[in-house]
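# Breakdown of the fold
These are the residues of each chain, in order.
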Amino acid sequence: MHTGALPPAPQPITVGRYTLFDALARGGMATVHIGRLAGVGGFARTVAVKRLHPQLANDPDFVAMLLDEARMVTRIRHPHVVQTLDVVSMSGELLLVMDYVEGESLSRLLKATTAAKSTIPSSIATAIVIGVLEGLDAAHDAKSDSGQPLGIVHRDVSPQNVLVGVDGVSRLIDFGVAKAVGRSRDTDSGQVKGKLAYMAPEQIKGEEVDRRTDVFAASIVLWEALTARRLFSGKNEGETIFQVLDKKLEPPSTFVSGITKELDAVVMRGLSRDPTARFPSAIEMAHALETATLSASKREVAAWVRAVAAEGLEARARVVARVEQTARLDMQRTEPNLPPLPPMEPSPASLPTRVELTSSPAASVPTELGTLTQASNITLPGRAKDPTRALWVLVGVIAFGGLVGGLAFLRSRAETAEGDDLRHTATALAAATTPAAAPAPEPSAAPSAAAPAPASASAEAAPAPVPASGRSVAPKPAKPSDNRPAAPTARPRETLYGRE
């Protein structure tokens, strides 16, 4: 199926829930349109719709072929394969509904590159083909509802059937001529299906095909993506067949500088005419490419696609915008009770312009990535508060308060014990530094029994108090000029975090 600038449909065509608008591509069997799915309550979705040509819609062979394709693709679930969403048979129409991919086919990207007298960077070309190989591997390993291998072989891997999206992802499409177990219609004896320039020798000869047949075709796509030229391009079908079977094959580095020998080796092994000499599976070739060279990231592929196909992508975006606007107006006319739909492009006033963060500065906790604010409230316009979040915040505040109270209690107990210790020490020092009384008189001059004993005698005979710590404190002699007790020596203060 070729793509190109096609005139828009004279008027939209509605089949069931789908409305078909402009044509995206046209081939010998079907035309692909931009479609719009209309659901209940204003639900809508833009899709791609493959529409079988009217003259073929009543042909059992072609109908069976399209239905077989739909059944097979629904069993392949992989991001590198365009998904089939629905099949519609109604009013003489047969439709295959697929995901709409914003992007461009690899064939058109190659044409744009060639027109600019340039080549695709090897890292970009490798990344695209790695995605194709991963999609092929998913198809080769697909199983039926009962878990039996389907044995799918695409048989039509070509740049026309590879879509490279603006998201940097390459996707495989069009399993219309794929071979699989259980197909109601298959290739008739002696009939060759597919594009001759991308067929493996065994496919042209009508021999048995398997997953290695698709590996050969993917290797042709990679060779052409690296060199920006055709590998097999005869003037007619006979010459093309002769080239596929007997042409001497040159490595890509022969035509483009900068391609490594390791990448050459992977490409040439994939192009081996003997199936046993090729990679036994698509995923093994993908792994070999990843080892042989550094492939581009999805972001780099996306940037390259936007740069090369900017004009076509912009024109396609205008068509899609017109289609979606027309569908909105039709839906509002048919369902007047629906609330007004938002405009196609949201106005700046309808978008949130700021995000308010409110928090307590004391609750900020430094982390390796910055400052984590506890119990912060994120306020977004129109966003409802979460009661569960509020409950957990309350529990956290209560737990934090209990922890702070416990620490304060322990600290006060420690300070009280320390104060008692200091008071005992001060009392002992004061008693020890009191001036001594006058010496007692001789026995001969002893006072009468009625005379009272000096008060200093009892003080002198009393033992000095012992501090709470259990250590004896030696008295210091007082200075003649100062009878005040000396200040106790300061000790290191014990706290919860160590000595201060």
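Preceding block: the structure.
## Some remarks on empty space enclosed by the protein
Applying the stated criterion across every chain, the model contains four cavities of 30 Å³ or more. For the largest cavity, the calculated volume is near 380 Å³. Contributions of two or more residues to the lining of the largest cavity are made by β3 (18-26), β5 (44-52), β7 (93-99) and β8 (103-105). No other element matches the three residues that β8 contributes to the lining of the largest cavity.

## Observations regarding the nonpolar core
Core analysis: the biggest nonpolar cluster contains 68 residues, and Leu133, Ile152 and Phe175 have the highest contact counts within it. Counting residues per element, the ones that place at least two in this core are α2 (60-74), α3 (106-115), α4 (122-140), β9 (162-165), α6 (211-227), α8 (261-270), α9 (282-292) and α10 (298-308). With eleven residues, α4 is the single largest residue contributor to this core. In this structure, Phe21, Ile34, Met98 and Ile173 belong to the second largest nonpolar core, which totals twelve residues.

## Regarding the sheet that holds strand β10 (residues 170-172)
Either a parallel or an antiparallel arrangement is found when strands of a sheet pair, and the pairing is made through backbone hydrogen bonds. Judged by pairing direction, the sheet is antiparallel, and its three strands sit side by side in the order β8-β9-β10 without closing on themselves. Either end of the sheet is taken by a strand with one partner, and the two such strands are β8 and β10. For this sheet, the mean angle separating the axes of adjacent strands, direction not counted, is 25 degrees. As paired elements, β8 and β9 share three bridges and run antiparallel to each other. Bridge pairing in β9 links Glu104 to Val164. Here α3 sits on the sheet in contact with β8 and β9, set at roughly 85 degrees to β8. Running at roughly 35 degrees to β10, α4 makes contact with β9 and β10 of the sheet.

## With respect to the environment of Val301
Structurally, Val301 is set in helix α10. Each C-alpha atom, one on Val301 and one on Ser170, is 9.2 Å from the other, the two residues being 131 residues apart in sequence. Ignoring anything within four residues of it in the chain, the contact list for Val301 reads Ile124, Ala127, Ile128, Val164, Gly168 and Ala296.

About the criteria used
Residues numbered from 1 in each chain as written. Predicted model: local features only at pLDDT ≥ 70, side-chain atom pairs only at ≥ 80, totals over all residues. Heavy atoms only, no water. 1 Å grid on protein atoms, 1.4 Å probe; cavity = no way out; pocket = protein on both sides within 12 Å on 5 of 7 lines; lining within 4 Å. Points joined across faces, edges and corners; volume = space filled by probe spheres on them. Helix = DSSP H or I, 4+ residues; strand = E, 2+ residues; numbered from the N terminus. Core = buried A, V, L, I, M, F, W, Y, C linked by side-chain atoms within 4.5 Å. Buried < 20%, exposed > 50% of the residue type's maximum accessible area, 1.4 Å probe, protein only. Pairing = 2+ DSSP bridges. Axes fitted to C-alpha atoms, helices over the stretch in contact; angles between N-to-C directions. Contact = heavy atoms within 4.5 Å.

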